[in-house]
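Understanding the architecture of this molecule
Spelled out from the first residue to the last, the chains are:
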Amino acid sequence: MEKAICAKFESAFQVLGKRWTGLIVNQLMNGPKRFNELENEIKISGRVLSLRLKELESLDIVSRSVYPEMPVRIEYTLTKKGYALKPIMEEISKWGDSWV
């Protein structure tokens, strides 16, 4: 008998399986980052990064903070929900070290 796919598991994979999303979350595990830092570290286009950050923000995985300085400083950080992905990201990293 086949086991049905769990809807929540499928939803989680749809979020984390999007290109660049895992890398963004992984980079933010080290603390807050500015847009340009993420763009340079991940080597991603600004348009795609902006899209992914908005998606992650809407899912309450990433938080965007605006600091009214000159020039305006905007930082992205993981929320509690985002940091809950840490053990998963560590396991993926271990798997990659062993098998990729």
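Scroll up for the structure.
Everything numeric in this text was worked out from a predicted model, so none of it was measured. (Residues numbered from 1 in each chain as written. Predicted model: local features only at pLDDT ≥ 70, side-chain atom pairs only at ≥ 80, totals over all residues. Heavy atoms only, no water.)

Here we look at the sheet that holds strand β2 (residues 62-67)
Read from one edge to the other, the open sheet built from three strands follows the order β1-β3-β2, with strand pairing classed as antiparallel. The outermost strands of the open sheet, each flanked by one partner alone, are β1 (33-34) and β2. Where β2 lies against strand β3 (residues 73-78), six bridges are found, and the strand directions are antiparallel. Following the sheet pairing, V62 is matched in β3 by L78. (Pairing = 2+ DSSP bridges. Helix = DSSP H or I, 4+ residues; strand = E, 2+ residues; numbered from the N terminus.)

Focus on the pairing of β3
Across the six residues of β3, five count as buried, placing the element largely inside the fold. Bridge count for β1 against β3 is two bridges, and the pairing is antiparallel. Residue pairing in the sheet places R34 in a bridge with E75 of β3. Taking the residues that link successive antiparallel strands as the turn, the β2-β3 hairpin has five residues. (Buried < 20%, exposed > 50% of the residue type's maximum accessible area, 1.4 Å probe, protein only.)

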